[in-house]
Amino acid sequence: MTEFWLISAPGEKTCQQTWDTMTAATTRTNNLSNNHKFNIPDLKVGTLDVLVGLSDELSKLDSFVESVVKKVAQYMADVLEDTRDKVQENLLANGVDLVTYITRFQWDMAKYPIKQSLKNISEIISKQVSQIDNDLKARASSYNNLKGNLQNLERKNAGSLLTRSLADIVKKDDFVLDSEYLITMLVVVPKTAYADWQKTYETLSEMVVPRSSNLLFEDNDSGLFSVTLFLKAIDDFKLKARENKFIVRDFQYNEEEMKADKEEMTRLSTDKKKQFGPLVRWLKVNFSEAFIAWIHIKALRVFVESVLRYGLPVNFQAMLLQPNKKTVKKLREVLNDLYKHLDSSAAAIIDCAMDIPGLNLSQQEYYPYVYDKINCNLLDFKV
């Protein structure tokens, strides 16, 4: 599972004893989870009023930072397009995979100095991640516009002969150009009607030049034929052609326009390739920054909740549990038994919930121990 439970319990005689007790209960006989100590440094506690207010602010900040982490990860997958299966290897924190980073978490003293107040540290993180969010919006908008314009041009050059651009299909030699009297038309004919076309095109209207039709291109369903006729016969020819299920394409050969289209496509394609590398590098760096900030927020939340729940002096052990998928319910029961003495009201609620099927506490998960969840599955598809 890529889900972790970040919990804390008060130190018994020592914090090591708290760790040993929890480990014995969850792993030694029943292997319910993989456990790691989660190291939180000696942060400045401040006043009780500040901690209470900060608890609420950190909850909101946690949600915001998680949303930015997910946005950067998801956009990385979007940018990688056909190679999106490689997205996971680009989603690293400090150069290591996310599970390794979380399980070996060390507070970054340089980025988030612990001499600062808890509020200041949270504001540093908020400012940093807001900047990443704003930069992502700007970069994504620029790249998406470029990608959208290129896709529109590519769409014009693909699809049915009835709608696609003909610029890369036809050549100058296929047309009678600069004539006062004659014009070359392009007609889409279903493959099943080739024989009908050859039999009838010269007589669809007056003034069609005999033996002037050539097959220029075909796809799975239709062929593109040229035919030359007098200018004055255009309207009548179009009408008769439509009656026979032959579709005349509205196309005039213009070398400059066609050249401009090709140059625009080349330019957009080149620009996209130029932006791709720097954009992926930016996403990798800022995913790492945002993810690291997120786990520091988790550490702050556990610290604040532990002080509010267990009191002063600061004496608790933070622990990271990676539940085994089949034993999640059992793990929850074991932890409840282990810590129910810490908060009888929470234990009562949980006992109740276990007895009443359909009672869902997921909206407001509350346990007798401090609990938070970290989910490393940040993408909305499987890779």
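Residues numbered from 1 in each chain as written. Predicted model: local features only at pLDDT ≥ 70, side-chain atom pairs only at ≥ 80, totals over all residues. Heavy atoms only, no water.

A.B. asks: Tell me what's going on with the side chain of Arg164, and back it up with residues and numbers.
C.D. replies: Within the secondary structure layout, Arg164 lies in the loop between helix H5 (118-156) and strand S3 (182-190). One polar contact links the side chain of Arg164 to the main-chain carbonyl oxygen of Asn157, over a distance of 3.1 Å. Among the polar contacts listed, one links the side chain of Arg164 to the side chain of Asp168, at a separation of 3.0 Å. Apart from the residues lying within four places of it in its own chain, the contact partners of Arg164 are Lys156, Asn157, Ala158, Gly159, Ile169, Phe217 and Arg249. (Helix = DSSP H or I, 4+ residues; strand = E, 2+ residues; numbered from the N terminus. Polar contact = N/O pair within 3.5 Å; in protein donor to acceptor, adjacent residues only side chain to side chain. Contact = heavy atoms within 4.5 Å.)

A.B. asks: Break down the packing of helix H2 (residues 48-80) against H5 for me, citing the residues and quoting the values.
C.D. replies: At a minimum axis distance of 10 Å, the contact between H2 and H5 shows a crossing angle of 25°. With respect to their mutual orientation, H2 and H5 come out roughly parallel. In this structure, H2 crosses over H5, and the sense of that crossing is left-handed. Residue classes in the contact of H2 with H5 are distributed as 17 nonpolar, four polar and seven charged. (Axes fitted to C-alpha atoms, helices over the stretch in contact; angles between N-to-C directions. Parallel < 35°, antiparallel > 145°, perpendicular 65-115°, else oblique. Left-handed = near helix turned anticlockwise from the far one by under 90°. Nonpolar A, V, L, I, M, F, W, Y, C, P; charged D, E, K, R; others polar.)

A.B. asks: Describe the environment of Lys191, listing the residues and the values that go with them.
C.D. replies: Inspection of the secondary structure puts Lys191 in the loop between S3 and helix H6 (194-200). Spatially, the C-alpha atoms of Lys191 and Asp219 are 9.0 Å apart, while their sequence positions differ by 28 residues. The contact partners of Lys191, leaving out residues within four places of it in the chain, are Glu218, Asp219, Asn220, Asp221 and Ser222. A distance of 2.8 Å separates the side chain of Lys191 from the backbone oxygen of Asp219, its partner in a polar contact.

A.B. asks: Pulling in residues and values, what's your account of the side chain of His296?
C.D. replies: Of note, His296 is situated in helix H8 (residues 255-310). Apart from residues no more than four positions distant in its own chain, His296 is found in contact with Tyr101, Phe105, Gln106, Trp107, Asp108, Tyr112 and Ile125.

A.B. asks: Run through the packing of aromatic side chains, naming residues and quoting values.
C.D. replies: The tally for this structure, following the rule as stated, stands at 17 aromatic pairs. A centroid spacing of 5.2 Å and a plane angle of 20° characterise the contact between Trp197 and Tyr201, whose relative ring orientation is stacked. Here Trp197 matches Tyr201 in class, with each residue buried. Residues Tyr339 and Tyr369 carry aromatic rings whose centres are separated by 5.6 Å and whose planes lie at 55° to one another, so their mutual orientation is tilted. Of this pair, Tyr339 sits in helix H9 (residues 328-339) while Tyr369 sits in the loop between helix H10 (344-355) and strand S8 (370-375), placing them 30 residues apart in sequence. Owing to a relative accessible area of 1%, Tyr369 belongs among the buried residues under this scheme. Taken together through their ring pairs, the aromatic side chains of Phe38, Tyr101, Phe105, Phe287, Phe291 and Trp294 make up a single cluster. Residue placement shows Arg332 over the ring face of Tyr367; its charged tip is 3.9 Å from the ring centre. The cationic tip of Arg332 hangs over the ring face of Tyr371; the distance from NZ or CZ to the ring centre is 4.3 Å. (Phe/Tyr/Trp six-rings, centres within 6.5 Å; stacked < 30°, edge-to-face > 60°. Buried < 20%, exposed > 50% of the residue type's maximum accessible area, 1.4 Å probe, protein only. Lys NZ or Arg CZ within 6 Å of the ring centre and 35° of its normal.)

The quantities given are spatial measurements derived from coordinates; they are silent on function.
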